[in-house]
Amino acid sequence: MPSAAASRIGWRLATAALALWAATSPLRAQDDAARAALDALVATYPQALAGHDGAALRWRDGTVMPATDGAAPKSFAELLRHASIVDQFRIPYPPGRLDAPPAVDADPGRFRNTAFFVKLYGDCSKGEVSARLVSIPWLPRTWGKSIQVTAVNGAADALRAVSLEIDALPADIKRAAYPIAGTYNCRAVADTGQPSPHSYGIAIDLNTAVSDYWYWQPHGGAIRYRNRMPQEIVAIFEKHGFIWGGKWYHFDTMHFEYRPELLGR
Ligand SMILES: [Zn+2]
């Protein structure tokens, strides 16, 4: 049986350890978040990324990028404009049918680290993205026009598969998928000034006649969620690694974007 003195020492050690754990656990949680984010990126983009050490991403050409930027907690507006690599994963993307409109400022996938995307797909203002675009037929049995998408990281192959599956849907459903409103476009996002995912050749906007966009609503009041995009189309895109703008509080229901790292692919 331990002596009373030994018990007291043991208790003090235990409480000291607990205090230390409590003080360091937020940091540990941050470390875990960074590691999970880096793991997902390395698993998703093996052609571009060689690995990570828990704090920084290592590219195959030797470039090293820090996972975090050491900035104090950021506002939503700051996250949209200055997201770190880990910030990209801050709001989990919910695959499947949406049960309720997204919560205020829940825009999974809209926090994008510009340096990461430019490194991955190129800088469109320097012609680096257009050099990697390929043409694929969109809904060959129904619409059949060529659209342009990047060949990097399998994006074009994934969009080709999406096209064939949507083309097999009933006519009254697939009408939401054409004519498209655009794919590659070297431009900035309207409300943030940051490069649009369209400027990397990884995004497509479907039929605006059956789409809804928060930016078209009168500004200033609360945003009222609205969607007419069929779930069958959303499910096909998600199956092939594309996230949908209809899952954002700042909804953009015509918009789909190749982000397989957010879908666990
Ligand atoms: Zn778009």
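In the block above lies the structure referred to throughout.
Residues numbered from 1 in each chain as written. Predicted model: local features only at pLDDT ≥ 70, side-chain atom pairs only at ≥ 80, totals over all residues. Heavy atoms only, no water.

**Q** Explain the overall build of the chain residue by residue, including any values.
**A** Within the chain one finds 6 helices and 8 strands. Shown N-terminal to C-terminal, the secondary structure of the chain runs as helices and strands in the order α-β-β-β-α-α-β-β-α-α-β-α-β-β. Once local pairs closer than 6 in sequence are excluded, the contacts in the chain between residues at least 24 apart make up 60%. Only carbon and sulfur atoms are counted for the fraction: they give 57% of the accessible area of the chain, which is about 13000 Å². (Helix = DSSP H or I, 4+ residues; strand = E, 2+ residues; numbered from the N terminus. Contact = heavy atoms within 4.5 Å. Areas by Shrake-Rupley, 256 points an atom, 1.4 Å probe, with all protein chains shown as cover.)

**Q** Account for the coordination of the zinc ion, with residues named and values stated.
**A** Those donors, His-198 (NE2), Asp-205 (OD) and His-255 (ND1), are the protein atoms that reach the zinc ion, and they lie 2.0 to 2.1 Å from it. The motif formed by the donor residues of the zinc ion, counted along the single chain, is H-x6-D-x49-H. Highlighted residues: Asp-205 in strand 6 (residues 203-205) and His-255 in strand 8 (residues 255-258), separated in sequence by 50 residues. Residues Asp-205 and His-255 agree in their burial class; the two are buried. (Donors = N, O, S within 2.8 Å, 3.2 Å for Na, K, Ca; no water. Buried < 20%, exposed > 50% of the residue type's maximum accessible area, 1.4 Å probe, protein only.)

**Q** So what about helix 3 (residues 114-121)? Which residues, and what values?
**A** Within the sequence span of helix 3, burial applies to Phe-116, Phe-117, Leu-120 and Tyr-121. Mapping the buried residues of helix 3 onto a view down its axis gives an arc of 100 degrees, with all of them on the same face. Gly-122 occupies a position one or two residues after helix 3 and carries a positive phi of about 105 degrees. (Arc of directions from axis to C-beta.)

**Q** How would you sum up empty space enclosed by the protein? Please name residues and give values.
**A** On inspection of all chains with the given rule, the structure shows 1 cavity of 30 Å³ or more. Taken together, Leu-80, Arg-110, Arg-112, Asn-113, Thr-114, Val-189, Thr-192, Gln-194, Pro-195 and Tyr-200 make up the lining of the largest cavity. Here the residues of the lining of the largest cavity sort into 4 nonpolar, 4 polar and 2 charged. (1 Å grid on protein atoms, 1.4 Å probe; cavity = no way out; pocket = protein on both sides within 12 Å on 5 of 7 lines; lining within 4 Å. Points joined across faces, edges and corners; volume = space filled by probe spheres on them. Nonpolar A, V, L, I, M, F, W, Y, C, P; charged D, E, K, R; others polar.)

Read these as spatial facts, not as claims about activity.
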